[in-house]
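# What the coordinates show
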Amino acid sequence: MTLANNSGGPLAIASITASGDYLALSNCPNTLDAGQSCTIGVSFTPTVFGPDNGTLTVTDDNLGVNGTLQTVSLTGTGAAVTTVSVTPPSLSFSNQAVATTSAAKTVAVKNTGKGQLTFSNINITGADAGDFAQTVNTCTGSIAPGKTCAVEVTFTPAATGKRSASLELTDDAQGSPQAVPLSGTGESPTTVSPAALTFALQKVGTTSGAKTVTLTNNLATALTINSITFSGADPGDFAETDICDGSVPAKSHCTVSVKFSPKATGTRTATMNINDSANNSPQSVSITGTGN
């Protein structure tokens with residue numbers, strides 16, 4: 001706004017103030033010479049939702065129609081501030097077998113503001129975005145103040161090791177987009193340990209003591225063992241016995257015992273192959289022994 005001195009003499013300005021949620025920002029001097037003008041800025045910081053009124057008052061020695069007070073009505077509207085809370089702030093999945101899908105975990109999004117919460121996009125981004133998926137999403141359209149919606153996420157690792165991504169919620173709330181870090185670890189559906197066996201010198205025609213291999217099922221379902229066979233240069237020199245009884249329960253393990261009976265002197269080698277229902281079948285163990 002502009003304050004102009006249209007009189008023939010100086011104008012003494014006592015004060016320039018604004019009431020309510022308004023603030024006067026003036027560059028006017030204490031005395032405004034005849035024929036001069038100055039500007040008054042007003043800022044608005046609403047503390048209420050809806051119509052919010054105030055008054056700008058200039059107190060001076062003007063003897064005009066309005067006496068010593070010039071006033072300007074101020075009108076503004078406090079807009080609804082939309083805020084959200086996201087619970088939990090991150091999702092961490094347990095170890096999950098590669099190419100299998102975890103149970104869903106839920107992110108709850110609550111409208112903690114005074115206005116409608118409207119989403120424009122919800123997606124998964126990051127290095128391993130393809131390993132995570134939305135299975136349920138009720139955060140569509142507009143969410144009323146105080147109401148909660150949910151996004152359910154599952155984890156299907158494409159490879160072993162640590163996997164990470166981010167669930168991003170783009171909306172009209174403060175701080176948008178809200179990011180929820182996602183993490184999990186992919187592991188082989190089944191593993192064998194150790195991956196190699198080495199037998200000491202063994203007299204030809206005799207049988208060694210047993211060495212043990214542990215077969216671990218990392219799946220959430222039982223593992224079916226179809227066969228355990230030997231291949232390679234000297235498969236007949238090795239034999240196995242196991243306590244697996246054709247299957248391994250979910251998240252469990254069993255043992256396979258291997259013995260060495262060399263048919264000739266020198267280095268003898270073979271590979272034990274465990275054929276099962278996992279998608280990384282067969283699991284292989286390299287075996288070496290020396291006939292004496």
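Cut-offs used in this document
Residues numbered from 1 in each chain as written. Predicted model: local features only at pLDDT ≥ 70, side-chain atom pairs only at ≥ 80, totals over all residues. Heavy atoms only, no water. Phe/Tyr/Trp six-rings, centres within 6.5 Å; stacked < 30°, edge-to-face > 60°. Helix = DSSP H or I, 4+ residues; strand = E, 2+ residues; numbered from the N terminus. Buried < 20%, exposed > 50% of the residue type's maximum accessible area, 1.4 Å probe, protein only. Lys NZ or Arg CZ within 6 Å of the ring centre and 35° of its normal. Disulfide = S-S within 2.5 Å.

### Examining the packing of aromatic side chains
- In this structure the tally under the stated criterion is 7 aromatic pairs.
- Each ring, one from Phe 199 and one from Phe 238, has its centre 6.2 Å from the other, and the planes form 45°; the classification is tilted. Remark: Phe 238 occurs in strand 22 (residues 238-242) and Phe 199 occurs in strand 19 (residues 196-202); sequence separation between them is 39 residues. Each member of the pair Phe 199 and Phe 238 is classed as buried.
- In textbook terms, an aromatic cluster arises when at least three aromatic residues are bridged by ring pairs, as seen for Phe 93, Phe 132 and Phe 155.
- The ring centre of Phe 93 lies 5.8 Å from the NZ or CZ of Lys 105, which sits over that ring.
- Over the ring of Phe 199 we find Lys 211, and its NZ or CZ is 5.7 Å from the ring centre.

### Some remarks on the environment of Phe 132
- Turning to its location among the elements, Phe 132 is positioned in strand 13 (residues 132-137).
- Phe 132 sits in the buried class, given a relative accessible area of 5%.
- Counting along the chain gives 52 residues from Phe 132 to Gly 184, while the straight-line C-alpha distance between them is 9.4 Å.

### Thoughts on the state of the cysteines
- As enumerated under the stated definition, the model contains 3 disulfides in all.
- Between the sulfur atoms of Cys 139 and its disulfide mate Cys 149 the distance is 2.0 Å. Measuring the twist about the S-S bond at about 95°, one finds the Cys 139-Cys 149 disulfide to be right-handed. Of the two residues, Cys 139 is situated in the loop between strand 13 and strand 14 (142-143) and Cys 149 in strand 15 (residues 148-155); the sequence distance between them amounts to 10 residues. A single burial state applies to Cys 139 and to Cys 149, both of which are buried.
- Here Cys 244 pairs with Cys 254 through a disulfide, and the sulfurs are 1.8 Å apart. Since a negative S-S torsion denotes a left-handed disulfide, the Cys 244-Cys 254 link at about 80° is right-handed. In this pair, Cys 244 is assigned in the loop between strand 22 and strand 23 (247-248) and Cys 254 in strand 24 (residues 252-260), connecting sequence segments 10 residues apart. This pair shows no difference in class: Cys 244 is buried, exactly as Cys 254 is.

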